[in-house]
There are 2 protein chains.
Amino acid sequence: MKNTVQYFRALADETRLRILALLLNSGELCVCDLTATLQLPQSTVSRHLSYLKNAGWVNDRREGVWIFYMVSADNDLKRQLAEVLKERLADIAVVEEDIRRLASFAEGAHCA
Amino acid sequence: MKNTVQYFRALADETRLRILALLLNSGELCVCDLTATLQLPQSTVSRHLSYLKNAGWVNDRREGVWIFYMVSADNDLKRQLAEVLKERLADIAVVEEDIRRLASFAEGAHCA
DNA sequence: GCAATATATCCGGATAGGCGAATATGTCAA
DNA sequence: TTGACATATTCGCCTATCCGGATATATTGC
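A brief structural summary. (Residues numbered from 1 in each chain as written. Chains lettered and ligands numbered in written order. Predicted model: local features only at pLDDT ≥ 70, side-chain atom pairs only at ≥ 80, totals over all residues. Heavy atoms only, no water.)

Focus on the side chain of Thr35 of chain A
Relative to the elements of secondary structure, Thr35 of chain A occurs in helix α3 (residues 31-38). If we ignore the near neighbours within four places in the chain, the residues touching Thr35 of chain A are Leu40, Pro41, Gln42 and Val45 of chain A. (Helix = DSSP H or I, 4+ residues; strand = E, 2+ residues; numbered from the N terminus. Contact = heavy atoms within 4.5 Å.)

Right, dumping it as structure tokens:
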């Protein structure tokens, strides 16, 4: 039960929902892409990523200087929720903008 | 977006998940049945019901002295989440016990 | 080793939200 | 109108979590 509550607690925040929407849309992203897309302070983005990781919602992978995050849907509940999020978040205006903004960055050209 | 966050915030608490699991299982229940089943102080149950109502997760209906609560899944997101909850919460030990305890009460014999 | 970049963590301060005993409100029946 | 019961709200207290600037900690290339 505690895990279940934690999964939902992690979803109870606008920034984290935006992050998950972007990751579900793109597969994986590094912190700098997320920071640029969300237009939020780097410490804020990093803190929320750390929260999502602790809650079991994302994994990370280092590649040189960059750390890429991806959604980890490794049980039935998370899998089903991820499906709902992928389908429903895309309708929300802020998320639409985020996805558009992310797409407008040059491919593979991470960070400033 | 604010509504979406609020839906998830309402799910980010063990007591509220237990309440929703019971309501999804039974259709509707009065506060005294919930209090007896959850074995929590009445003020706690009432407070969480009020939270769920504000968040748009439940509706209530008065019948004499009793107030019955039922899940309100009146949009796609809530409908899909309710489906996931109904399927997934039932596996959790605490919820199984709750449902068993509720069933053990005499039918229609509300409250002490 | 040093500079540059990416990421994580620390800090102080604000706010939300949890709890349960006590109390208020609402409804019915006699 | 009074008593009994169901429900809601108030209260003080405590913990979690948010924020973002400042500061650490990688990692890479020179």
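Comments concerning the sheet that holds strand β2 (residues 58-63) of chain A
Sheet strands associate in pairs through backbone hydrogen bonding, adopting either a parallel or an antiparallel arrangement. All names here are of chain A. Taken together, the three strands give an open sheet; going across it, the order is β1-β3-β2, and neighbouring strands pair in antiparallel fashion. Either end of the sheet is taken by a strand with one partner, and the two such strands are β1 (28-30) and β2. Here the strands of the sheet are splayed against their neighbours by 30 degrees on average, with no regard to which way each runs. Pairing of β2 with strand β3 (residues 66-71), which is carried by six bridges, proceeds in the antiparallel orientation. (Pairing = 2+ DSSP bridges. Axes fitted to C-alpha atoms, helices over the stretch in contact; angles between N-to-C directions.)

What to know about the relation of the copies chain B and chain A
You can overlay chain B on chain A at an RMSD of 0.0 Å; the transform is a turn of 180 degrees with a shift of 0.0 Å along its axis. Here the transformation between the copies is reduced to the relation of a two-fold axis. Looking at the interface residues of chain B, 100% of them are also at the interface in chain A, so both copies use one shared face. (Least-squares fit on C-alpha atoms with pLDDT ≥ 70 in both.)

Looking at the environment of Arg18 of chain A
Examined against the element boundaries, Arg18 of chain A turns out to sit in helix α2 (residues 14-26). Judged by relative accessible area, Arg18 of chain A falls into the buried class, the value being 10%. Linking Arg18 of chain A and Asp76 of chain A, residues 58 residues apart in sequence, is a C-alpha distance of 22 Å. Not counting residues within four places of it along the chain, the set of residues in contact with Arg18 of chain A comprises Thr37, Leu38, Leu40, Val94, Asp98 and Arg101 of chain A together with Met1 of chain B. (Buried < 20%, exposed > 50% of the residue type's maximum accessible area, 1.4 Å probe, protein only.)

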